[in-house]
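# Working through the structure, step by step
If you want the building blocks of each chain, they are given just below.
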Amino acid sequence: MHGIDFIKDLAVVMLVAGLVGWACHRAGLSVVVGYLMAGMVVGPYTPPFSLVSDVGRIETLAQIGLVFLMFSIGMGLSLRKLRRLGLSLLVATFTGAIIMYNLTRAVGGALEWTTVQTAFLAAMVMVSSSAIISKTLNEIGATHEKSGQLAMGVSVLEDVVAIVMLTILNSLVHIGGAKAEIGSTLGLLGAFICLAGVGGMLTVPWLLKKMSLSAGDELPTIMVAGLLFVLAFLADRAGFSLALGAFMLGAIVAETPHKVQVGRAFEGMRDVFSAVFFVSIGMLIDLRAVIDSWLLIAGISAFVLVARPFAVTLGMLVIGGSTRESLRVGLSVTALGEFSFIIAQLGVVSGAVPRRFQALAVGVSLVTTLVGPH
């Protein structure tokens, strides 16, 4: 009765997410932090509180949550939005990412880690959590300030950096680790994006238009949900990540006149399955591994809290930002989140990095979220 067991696990995850989300909201804490901690408590590694014990089913829940989470991120990152953010902010973001990557390589070398382990660590700390940062900026009332808007823009553009890094790492793992050619990987990535992107831009708007004219609002939503899983599956089969396919469909739908309709229909599912993703990631973390790795977590957290503001501030200064404003932007984008967990999970599942990387990702995210500006 594996189907019944899966339903039971899904019920546990959703109930835990609801209760913890409510408690975090009342306490003024980030719900993402609450979801992760709750997952660690009720997961398979913390008897006698383990309410979900099958790791395979937890990973399935995490993948389903990941698909919906990445679709919602793609919906919020249309080409029109990228154009509004401007080329200068794009340059600042990628400058900061390159600086962060090279600083992390130095840390990896000092820790005597392999090239692959260092690459995964760099990918984990190069990008912030747009979900956490947007919530934090809203709570402190900084969304209408120029520095807050720039910080939000940087965090959104870092989602693009994360997608690129996630796809490259996923391809390198499948092709053969560090021996794989970065050039060929980027070439394959570009070919897939062009093929899927052009095909999607030609078919998705046409399908949605035809269905909206001849059917009710529910059928276009069902069609988008089907296409979402199809494109995620194809991306995975092409040697990339589920996240890439889901993200691409979100970005394609965001360019259509049906964006508002689809966004409204998927809003509830996005909230539900984003919670499922974060709780499931928490369930995959062994609390003992977090405790055993406390020194590494503390060290990497300290590194991130210093290096990320430095890298982002320098990137903002490169495009002519004032010192005060650039520093405020840099300090606002320290919190790590969803992409760090996804990248760590990819590394652990593929065997490219040890299991402590999952604990490291969660631990650093907790520290940077709690210590960051409030």
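Residues numbered from 1 in each chain as written. Predicted model: local features only at pLDDT ≥ 70, side-chain atom pairs only at ≥ 80, totals over all residues. Heavy atoms only, no water.

## Examining the packing of aromatic side chains
- Here the structure, examined in full by the defined rule, presents 7 aromatic pairs.
- Ring centres 5.7 Å apart and planes at 75° place the aromatic pair phenylalanine 68 and phenylalanine 229 in the edge-to-face group. Remark: phenylalanine 229 occurs in helix H10 (residues 218-237) and phenylalanine 68 occurs in helix H3 (residues 55-75); sequence separation between them is 161 residues.
- For phenylalanine 68, a relative accessible area of 6% puts it in the buried group. (Phe/Tyr/Trp six-rings, centres within 6.5 Å; stacked < 30°, edge-to-face > 60°. Helix = DSSP H or I, 4+ residues; strand = E, 2+ residues; numbered from the N terminus. Buried < 20%, exposed > 50% of the residue type's maximum accessible area, 1.4 Å probe, protein only.)

## Some details on the packing of helix H6 (residues 115-126) against helix H14 (residues 294-318)
- One can describe the packing of H6 onto H14 by two numbers: an axis separation of 11 Å at closest approach and a directional angle of 55°. Judged on the interaxial angle alone, H14 and H6 are oblique. Helix-helix and strand crossings are classified by hand; for H6 and H14 the assignment is right-handed. Together, Leu121, Val125 and Met126 of H6 and Ile300, Phe303, Val304 and Arg308 of H14 make up the contact between the two elements. (Axes fitted to C-alpha atoms, helices over the stretch in contact; angles between N-to-C directions. Parallel < 35°, antiparallel > 145°, perpendicular 65-115°, else oblique. Left-handed = near helix turned anticlockwise from the far one by under 90°. Contact = heavy atoms within 4.5 Å.)

## Comments concerning the pattern of salt bridges
- All told, the structure shown has 6 salt bridges when counted by the stated rule.
- Where glutamate 158 meets arginine 308, a salt bridge forms, and the shortest distance between an N and an O atom there is 3.0 Å. Here glutamate 158, found in helix H8 (residues 146-175), pairs with arginine 308, found in helix H14; they are 150 residues apart in sequence, far enough to count as distant. As far as the burial class goes, glutamate 158 and arginine 308 line up, both buried.
- Residues aspartate 286 and arginine 288 are paired through a salt bridge, measuring 3.2 Å at the closest nitrogen-oxygen approach.
- Three or more residues joined by partner-sharing salt bridges are found here, namely Lys8, Asp9, Asp54 and Arg57. (Salt bridge = Lys/Arg side-chain N within 4 Å of Asp/Glu carboxyl O.)

## Some words on the nonpolar core
- Core analysis: the biggest nonpolar cluster contains 116 residues, and Met70, Phe71, Ile300 and Leu360 have the highest contact counts within it.
- Those residues in contact with leucine 360 that sit more than four places away from it in its chain are Trp113, Leu121, Met124, Leu296, Ile297 and Ile300. (Core = buried A, V, L, I, M, F, W, Y, C linked by side-chain atoms within 4.5 Å.)

## Looking at the side chain of threonine 369
- Positionally, threonine 369 belongs in helix H17 (residues 356-371).
- The exposure class of threonine 369 is buried, given its relative accessible area of 7%.
- For threonine 369, the side chain forms a polar contact with the main-chain oxygen of serine 365, separated by 2.7 Å. (Polar contact = N/O pair within 3.5 Å; in protein donor to acceptor, adjacent residues only side chain to side chain.)

## So, a nonpolar patch on the surface
- On the surface, Leu87, Leu90, Val91, Phe94 and Val318 cluster together into a nonpolar patch covering about 430 Å² of accessible area.
- Broken down by element, the nonpolar patch gets its largest block of residues, 4 residues, from helix H5 (residues 87-110).
- Here leucine 90 is to be found in helix H5.
- You can call leucine 90 partly exposed: its relative accessible area is 32%. (Patch = residues over 30% accessible without salt bridge, like charges linked within 9 Å, V, L, I, M, F, W, Y side chains within 5 Å. Areas by Shrake-Rupley, 256 points an atom, 1.4 Å probe, with all protein chains shown as cover.)

## Quick look at the side chain of glutamine 117
- Inspection of the secondary structure assignment puts glutamine 117 in helix H6.
- You can call glutamine 117 buried: its relative accessible area is 15%.

## Re helix H11 (residues 242-253)
- If you check H11, its first and last C-alpha atoms are 17 Å apart, about what 12 residues at 1.5 Å a residue would give, namely 16 Å.
- Most of H11 sits inside the fold, with 12 of its 12 residues counted as buried.
- Taken as a whole, H11 has its buried residues at Leu242, Ala243, Leu244, Gly245, Ala246, Phe247, Met248, Leu249, Gly250, Ala251, Ile252 and Val253. (Expected span 1.5 Å × (residues − 1).)

## As for empty space enclosed by the protein
- Scanning the model with the defined rule gives 2 cavities of 30 Å³ or more in all.
- What the second largest cavity holds in volume is close to 40 Å³.
- Every residue lining the second largest cavity is listed: Leu121, Met124, Val125, Ile300, Leu336, Ser340, Leu360, Ala361 and Val364.
- Looking at the lining of the second largest cavity, the elements with two or more residues in it are H6 and H17.
- Here the residues of the lining of the second largest cavity are counted per class, giving 8 nonpolar, 1 polar and no charged. (1 Å grid on protein atoms, 1.4 Å probe; cavity = no way out; pocket = protein on both sides within 12 Å on 5 of 7 lines; lining within 4 Å. Points joined across faces, edges and corners; volume = space filled by probe spheres on them. Nonpolar A, V, L, I, M, F, W, Y, C, P; charged D, E, K, R; others polar.)

## A few points about the layout of surface pockets
- Each pocket or cavity is described by its volume, and for the largest pocket that value is around 900 Å³.
- Ser72, Ala131, Arg270, Asp271 and Ser274 are the residues nearest the centre of the largest pocket, which is lined by 33 residues in total.
- At the level of secondary structure, the elements contributing two or more residues to the lining of the largest pocket comprise helix H2 (31-42), H3, helix H7 (130-139), H8 and helix H12 (259-283).
- In the lining of the largest pocket, the residues fall into 16 nonpolar, 8 polar and 9 charged.

## A few points about the confidence of the model for the protein chain
- On average, residues of the protein chain score 82 in pLDDT, and 89% of them are at 70 or above.
- For the protein chain, the element scoring lowest by mean pLDDT is helix H4 (residues 79-85), at 67; H14 scores highest, at 94. (pLDDT = per-residue confidence, 0-100.)

## Structural notes on the packing of H14 against helix H15 (residues 323-332)
- Close contact between H14 and H15 brings their axes to 8 Å; oriented N to C, the two are set at 140°. Accordingly, the angle class assigned to the pair H14 and H15 is oblique. Between H14 and H15 lies a crossing whose hand is right-handed. Facing Pro309, Val312, Thr313, Met316 and Leu317 of H14, the residues of H15 in contact are Thr323, Ser326, Leu327, Val329, Gly330 and Leu331.
- The class makeup of the residues in the contact of H14 with H15 is 7 nonpolar, 4 polar and no charged.

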